[in-house]
Amino acid sequence: MDHRRAVLTPADPAIELTLIAPVKDEEAAIGPFLDRVLPVLDGLYPDRPGAFEILFVDDGSEDATLPAIMAARRRDARVRAISFSRNFGKEAALSAGLDHARGAAVIPIDVDLQDPPEVIGDMLAKWREGYEVVYGVRTNRETDSLPKRLTADLYYRAHNYLSDDKIPEHAGDFRLLDRTVVEVIRAMPERNRFMKGLFAWGGFRQAAVEYRRVQREVGHTKFRYWKLWTLALDGITSASTMPLRVWSYIGVSIAVLSLLYAVAVVIRTVFFGSDVPGYPSLMVAILFLGGLQLISLGVLGEYVGRILVETKRRPLYVVRRKIGFGEGEEG
Ligand code: UDP
Ligand code: MG
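Attention here is on the structure that accompanies the text. Quick caveat: nothing in here was measured; it's all calculated off a predicted structure.

**Some thoughts on the coordination of the magnesium ion (ligand 2)**
- The coordination sphere of the magnesium ion (ligand 2), as far as protein atoms go, consists of Asp112 (OD) and Gln114 (OE1), spread over 1.9 Å.
- For Asp112, a relative accessible area of 4% puts it in the buried group.
- Among the residues examined, Gln114 registers a relative accessible area of 9% and is labelled buried.

Written as structure tokens, this is what we have:
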């Protein structure tokens, strides 16, 4: 049985918009986030207070994030939450958010207010025009450090060169998704949830909305370079088999060249006789080929490792507790 099917929350016709906010150790950010977001949403739905919900996904926080969410829920019942049994990562948190969202449109948003909630109005406007995906494009990246900016640039270039599904540059996870798109993404069976890649693969009518990404208001970034590197590898290997295939081309080229070289050596020996025994060239050839083989084995390993992970068919995340989902769940 598909685990993710089992936890599906059916769409609620009364709810038009679900904000999904993944949170990991953000106790200080919950309050300011709601103080800023609720007025914006109330302004967008002046006479339909029940037209939106805010769904927090507590990604295994070790601080008082969950109590902060519970306190917020006591003040405003439109706040709901899912709490993981441990940290599963932002991509898993977003998957859980999509599984439990009830709105006709869904917007993942960072809780640190780096994605300005004021843009939500623009996104909804585009959505009502008929676009199924409205992604936010950052007009600035100064808030990221220079190395992060450079590596991000390099990454987008590499990904879009290698893969047929182009990721829009400078677009983060802050984007509006129509229910139909959410269902398509939920139906994707793979465990490797590189969200930007999944969105790109899904297609649909897409529009962009520009915004300025500001500095984080409270707390500090949860992403380390190693995590980002892993994410980049996931993105490329899940979207393209090019790194796998390129080695067979290189292998063929080298084989052909060495065949030609062998022919040349034979001809030279026949006509001019052999000179110094070819120990150095032999070593070079062995080492060179050995190195190549190791690299290609490494690339193979990358893919085989991913096959292994996919075939385990483990659930993407484990929910410890749901808050605001009806009978018997709270407490
Ligand atoms: N986050 C999460 N799980 C993680 C890491 C981060 O749910 O393992 C959340 C985090 O709480 C925040 C969002 O993802 O709401 C973006 O994280 P952050 O601001 O640290 O990333 P950055 O903006 O630096 O890329
Ligand atoms: Mg941030």
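**Thoughts on helix α8 (residues 195-202)**
- Among the eight residues of α8, six are classified as buried, and the element is accordingly described as predominantly covered.
- Listed in full, the buried residues belonging to α8 are Met195, Lys196, Gly197, Leu198, Phe199 and Ala200.
- For α8, the elements touching its buried residues are α4 (90-100), α6 (146-162), β6 (171-178), α7 (179-187) and β7 (206-211).
- Looking one or two residues beyond α8, the residue adopting positive phi is Gly203, at roughly 75 degrees.

**Quick look at the environment of Ala21**
- Assignment of secondary structure puts Ala21 in strand β1 (residues 17-23).
- Judged by its relative accessible area of 0%, Ala21 is buried.
- Measuring from C-alpha to C-alpha, the distance between Ala21 and Ile54 comes to 7.4 Å, with 33 residues separating the pair along the chain.
- Among residues more than four places away in sequence, those in contact with Ala21 are Phe33, Leu55, Phe56, Val57 and Ile109.

**Re unusual backbone geometry**
- Of note, the phi angle at Asp25 is positive, near 50 degrees, even though the residue is not glycine.
- Following the sequence through the fold, Asp25 ends up in the loop between β1 and α2 (27-44).

**Notes on the nonpolar core**
- Membership of the largest hydrophobic core comes to 37 residues, with the highest contact counts inside it found for Leu17, Leu19, Phe33, Leu34, Ile54, Phe56 and Ile120.
- In terms of residue count, α2 provides more of this core than any other element does, seven residues in total.
- By size, the runner-up hydrophobic cluster in this structure holds 28 residues, among which are Leu98, Ala171, Met188 and Phe325.

**Description of helix α5 (residues 119-129)**
- Among the residues making up α5, those that are buried are Val119, Ile120, Gly121, Met123, Leu124 and Trp127.
- Looking at the buried positions of α5, the neighbouring elements they touch are β1, α2, β4 (105-108), β5 (133-138), β6 and β7.

The rules behind these values
- Residues numbered from 1 in each chain as written.
- Chains lettered and ligands numbered in written order.
- Predicted model: local features only at pLDDT ≥ 70, side-chain atom pairs only at ≥ 80, totals over all residues.
- Heavy atoms only, no water.
- Donors = N, O, S within 2.8 Å, 3.2 Å for Na, K, Ca; no water.
- Buried < 20%, exposed > 50% of the residue type's maximum accessible area, 1.4 Å probe, protein only.
- Helix = DSSP H or I, 4+ residues; strand = E, 2+ residues; numbered from the N terminus.
- Contact = heavy atoms within 4.5 Å.
- Core = buried A, V, L, I, M, F, W, Y, C linked by side-chain atoms within 4.5 Å.

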